[in-house]
Number of protein chains: 2
Amino acid sequence: MTESTSSSSAPGGPLVNPHARQIVLAHGGGGQLTDELIRDVIRPRLENPWLDPMDDAAILSLPGSRVAITTDSYVVQPLEFPGGDIGRLAVCGTVNDLAACGATTAFISLGLILEEGLEMDALKRILDSAAAAADEAGVRIVTGDTKVVAHGQADGMYINTSGVGEIPANVELGIDLIQPGDVVIVSGEIADHGMAIMLQREQQTILESTLQSDTAPLNGMVESVLQELKDQVVFLRDPTRGGLAGVLSDLAEHSGYHLSVDETKIPVRRETLYAAEMLGLDPLDVANEGKFVFVVRKDVADRTLAILHQHLYGRQAAVIGQFLPQKDGLCELITDVGGRRIIQKPYGEELPRIC
Amino acid sequence: MTESTSSSSAPGGPLVNPHARQIVLAHGGGGQLTDELIRDVIRPRLENPWLDPMDDAAILSLPGSRVAITTDSYVVQPLEFPGGDIGRLAVCGTVNDLAACGATTAFISLGLILEEGLEMDALKRILDSAAAAADEAGVRIVTGDTKVVAHGQADGMYINTSGVGEIPANVELGIDLIQPGDVVIVSGEIADHGMAIMLQREQQTILESTLQSDTAPLNGMVESVLQELKDQVVFLRDPTRGGLAGVLSDLAEHSGYHLSVDETKIPVRRETLYAAEMLGLDPLDVANEGKFVFVVRKDVADRTLAILHQHLYGRQAAVIGQFLPQKDGLCELITDVGGRRIIQKPYGEELPRIC
């Protein structure tokens, strides 16, 4: 440790053990202890040429004229869960929100709200995981902020990630571009994230060995599709809170067309389906953190699938629905027994603190 | 209220009164109730042409090639305090961080973490205040996110604001540009924010009628200085957590030069000084949210002061110190009785949750 951590000489402040194994309030006071936390714990884990934690902001070179900006706070509980943790989730979530705008490279900020008493080792694991996710995505964490609140005022930690990304020329996406005939593709099995969290929380130990969150950065996969087919890709969205049902009902409502979806085509793991049934949930309503919904022109549906199937996170991609000329703004599900029901946006209570 | 709020027909979800006077967990579930909160409470307060809460990101036109990006989470307690509230603070803090990079126009994101039970009226007041601060600053809130956690897992609400701003050509700022002879200017009376919060929290009713937080957007003031004097302005910083002492000790340490500061020149209100003495605090260590530290070439010190004095938030601006050739990296305070002491960065414990 360097000179400034010899706490016995700290002017005015109380004595705080610099090797603390838990977060204490003074880590958030903006003084020496905050500097130490940033220098010894946070910075080494996020090191990259753009990150300068001595400054309150990062300066980037963004020659493109169209820039996407996004923000998300993460309050998931538990902090670590099968298939991921709040750090990986926070990075992937923001990367995916930008990718949904067509911005597949990104600069990300990381805002930490830490609760007094949080285990330092847990913080380190979560930061390592955030850094690994950023590496995997090829994005950079360029600026950050750390606050500490007293025990009982946060639930371990909350993370905000915001992101800025350039949108390549010629990429034009929007619900208003949707036309009858366009098809809807989902990139893989749905509801894994929500169900993994739910089972972990409910300690359904029978199933916890098999179900994992799908938390993943999808910018690479999206880029592969856009590079080849950008004129034919109409809309992108990651079906997180609100699940696939939320995105499909939004697509129908805001395009104004009828969206017909074939339930038998929607990829769902058997374990997920079983677990959802047990808990009285509809997998369509359950959050995903590693899936994308693509709306593409009918002519490129097969080619889109072929590209997705080449990708680690798109192997189970499938065409699940199509827009019809009928202008009722409804999404109709054709069920596996041939029944029909309107897909509605979930009301909101199903799974609190899923992301 | 619109059709989607007729809660008796809500599929699957529990009945939640759409006219709820408090935040409930379902407001954060990403379903209909989240949509309603955004549509009926949040969106009307932040309306501007760039904000489209239906999307997870905003798309901006940023032709400039240098862009500053910043993030800050706000956990201040109480949420409303004399002279401001967490909404005004969150907007001003991020505007000021960008202004410290020379980026005086900005696009801002707003991430809300709301605690179940938060009074809806308090949320509305705070959003109105955030919007008013953005208007005053001439910046736009372009994207947002809302999460809800259970009672006892946040302290009313936390806000993250991140921001992106363009840095004009020719503006070059940095501690490494500091030379002996450069002067340090502070834009007004210090420690008002921290002391106002502290007194409010401690319910020191004798003093609370006079002391107010200085929370203010300073981008306009900074722009006035940069427009006329950009070649002569060396460094900018807002002395928030860690106070003026934190900035001054950083300036000395990272420039490598000796920084001599005249205590008698530092503007402090009499009430602030009195309150700080009562509570055993050094005003130098106490957070500001409406002050800037300018490092400028000696030749333009008077002109900088003249510009600042014209500005609402700079009327008490004063030259408080100068860099000397001695390369010891120390900041020395010449006290009002002619004594000398080294200014050190506060240790961190003094004022938790001040911003």
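Residues numbered from 1 in each chain as written. Chains lettered and ligands numbered in written order. Predicted model: local features only at pLDDT ≥ 70, side-chain atom pairs only at ≥ 80, totals over all residues. Heavy atoms only, no water.

Draft legend 1. Spatial organisation of the sheet that holds strand 11 (residues 293–296) of chain B. Residues and elements named next belong to chain B. Strand order in the open sheet made by the seven strands is 9-11-8-12-10-13-14, with mixed pairing throughout. Two strands bound the open sheet, and with one partner strand each, they are strand 9 (233–237) and strand 14 (340–342). Pairwise comparison of adjacent strand axes, ignoring direction, gives a mean angle of 25° for this sheet. Looking at chain direction, strand 8 (residues 183–186) and strand 12 (residues 318–324) are connected through four bridges and run antiparallel. Within strand 12, the residue paired with I185 across the bridge is V319. (Pairing = 2+ DSSP bridges. Helix = DSSP H or I, 4+ residues; strand = E, 2+ residues; numbered from the N terminus. Axes fitted to C-alpha atoms, helices over the stretch in contact; angles between N-to-C directions.)

Draft legend 2. Expanded view of the pairing of strand 12 (residues 318–324) of chain A. Where strand 10 (residues 258–262) of chain A lies against strand 12 of chain A, four bridges are found, and the strand directions are antiparallel. Looking at the pairing, S260 of chain A lines up with Q322 of chain A of strand 12 of chain A.

Draft legend 3. The arrangement of the environment of A137 of chain A in detail. Residue and element names in this part refer to chain A. Looking at the secondary structure, you find A137 in helix 3 (residues 120–137). Along the chain, A137 and G329 lie 192 residues apart, while their C-alpha atoms are 35 Å from each other. Dropping the residues within four chain positions of it, A137 is found in contact with V95, P217 and N219. (Contact = heavy atoms within 4.5 Å.)

Draft legend 4. Seen up close, unusual backbone geometry. Residue P78 of chain A is reached from Q77 of chain A by a cis peptide bond, and omega for that bond is 5°. On the secondary structure map, P78 of chain A appears in the loop between strand 2 (66–74) and strand 3 (80–81). A positive phi is found at A191 of chain A, a non-glycine position, where the angle reads about 75°. Tracing the backbone through its elements, the reader meets A191 of chain A in the loop between strand 8 (183–186) and helix 4 (192–202). Overall, A191 of chain A belongs to the buried group, its relative accessible area being 0%. A positive phi angle, near 80°, is found at N170 of chain B, a position not held by glycine. Looking at the secondary structure, you find N170 of chain B in the loop between strand 7 (157–166) and strand 8. (Buried < 20%, exposed > 50% of the residue type's maximum accessible area, 1.4 Å probe, protein only.)

Draft legend 5. Local environment of the packing of aromatic side chains. All told, the structure shown has three aromatic pairs over all chains when counted by the stated rule. Between the aromatic rings of F292 of chain B and F294 of chain B, the centroid separation amounts to 5.9 Å while the plane-to-plane angle is 50°, which identifies the pairing as tilted. As far as the burial class goes, F292 of chain B and F294 of chain B line up, both buried. The ring of Y257 of chain A has K327 of chain A lying over it, and the distance from NZ or CZ to the ring centre is 4.8 Å. (Phe/Tyr/Trp six-rings, centres within 6.5 Å; stacked < 30°, edge-to-face > 60°. Lys NZ or Arg CZ within 6 Å of the ring centre and 35° of its normal.)

Draft legend 6. Up close: the pairing of strand 13 (residues 331–334) of chain A. Residue and element names in this part refer to chain A. The two faces of strand 13 match: C331 and L333 on one face and E332 and I334 on the other face are all buried. Taken together, the four bridges between strand 10 and strand 13 define a ladder with parallel strand orientation. Looking across to strand 13, one finds that V261 is bridged to L333. Between strand 13 and strand 14 (residues 340–342), which pair antiparallel and follow one another directly, the connecting turn spans five residues, one of which, G338, has a positive phi of 85°.

Remember that the coordinates give geometry; whether it matters functionally is a separate question.
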